[in-house]
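Here's the letter readout for the chains.
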Amino acid sequence: RLLVPGLHEEVAAAIGLAGRPGARVEDLLSRDPDPDIMQELEPQGFWWCRWCAMVQPPRAKHCRDCNSCVLREDHHCPFLNNCIGQRNYAFFYGFVVA
């Protein structure tokens, strides 16, 4: 069960899966990949994260330190103890420049 209502629709829209296979709640909460869905998504660059048990969009990576998948992950910063990715890259750049 998801903690934030409607989060799965927002994430599906952000990664380009809105209205397509793989965006349903059942697909997101499944522990095993659906072969039919993965056959359609893998040529487009989507992968199955075996640690998070979810569909990973292109350029997303699983971080061992954070134990989560990060969109457009650049690296895990040991000084901030945080992953640098799509949602905080500008803040990290400001931190480095300052």
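Structure first, text after, so check above.
Just so it is clear, the structure is predicted and the values come from calculations on it, not from any experiment. (Residues numbered from 1 in each chain as written. Predicted model: local features only at pLDDT ≥ 70, side-chain atom pairs only at ≥ 80, totals over all residues. Heavy atoms only, no water.)

S.K.: Explain the overall build of the chain to me, and be specific about the residues and the numbers.
M.R.: Scanning the chain from terminus to terminus reveals four helices and six strands. Expressed as a percentage of the 98 residues in the chain, the buried residues total 31%. The long-range share in the chain, meaning contacts at least 24 apart out of those at least 6 apart in sequence, stands at 9%. (Helix = DSSP H or I, 4+ residues; strand = E, 2+ residues; numbered from the N terminus. Buried < 20%, exposed > 50% of the residue type's maximum accessible area, 1.4 Å probe, protein only. Contact = heavy atoms within 4.5 Å.)

S.K.: Provide a residue-level description of the side chain of His-62, including the pertinent values.
M.R.: Along the chain, His-62 falls in strand S3 (residues 61–63). Here Asn-67 takes part through its side chain, which lies 3.4 Å from a polar atom of the side chain of His-62. Contacts of His-62, omitting those with residues within four sequence positions, involve Cys-49, Trp-51, Cys-52, Gln-56, Asn-67, Ser-68, Cys-69 and Glu-73. (Polar contact = N/O pair within 3.5 Å; in protein donor to acceptor, adjacent residues only side chain to side chain.)

S.K.: Provide a residue-level description of the environment of Pro-57, including the pertinent values.
M.R.: Tracing the backbone shows Pro-57 in the loop between strand S2 (54–56) and S3. C-alpha separation for the pair Pro-57 and Gln-44, spaced 13 residues apart in sequence, amounts to 9.0 Å. Those residues in contact with Pro-57 that lie beyond four places of it in its chain are Ile-15, Gly-45, Phe-46 and Leu-71.

S.K.: A description of the nonpolar core should follow, citing residues and the corresponding values.
M.R.: Counting residues in hydrophobic clusters, the biggest one holds 10 residues: Ala-12, Ile-15, Leu-17, Ile-37, Met-38, Leu-41, Phe-46, Trp-48, Ala-53 and Val-55. Here this core takes three residues from helix H3 (residues 35–41), the largest share from any one element. (Core = buried A, V, L, I, M, F, W, Y, C linked by side-chain atoms within 4.5 Å.)

S.K.: Please provide a residue-by-residue account of the environment of Phe-46, values included.
M.R.: In this structure, Phe-46 sits in the loop between H3 and strand S1 (47–49). Considering only alpha carbons, one finds Phe-46 and Pro-57, 11 residues apart in sequence, at a separation of 4.7 Å. Contacts of Phe-46, omitting those with residues within four sequence positions, involve Ile-15, Leu-17, Met-38, Leu-41, Val-55, Gln-56, Pro-57 and Pro-58.

Keep in mind that these numbers describe shape and distance, not what the molecule does.
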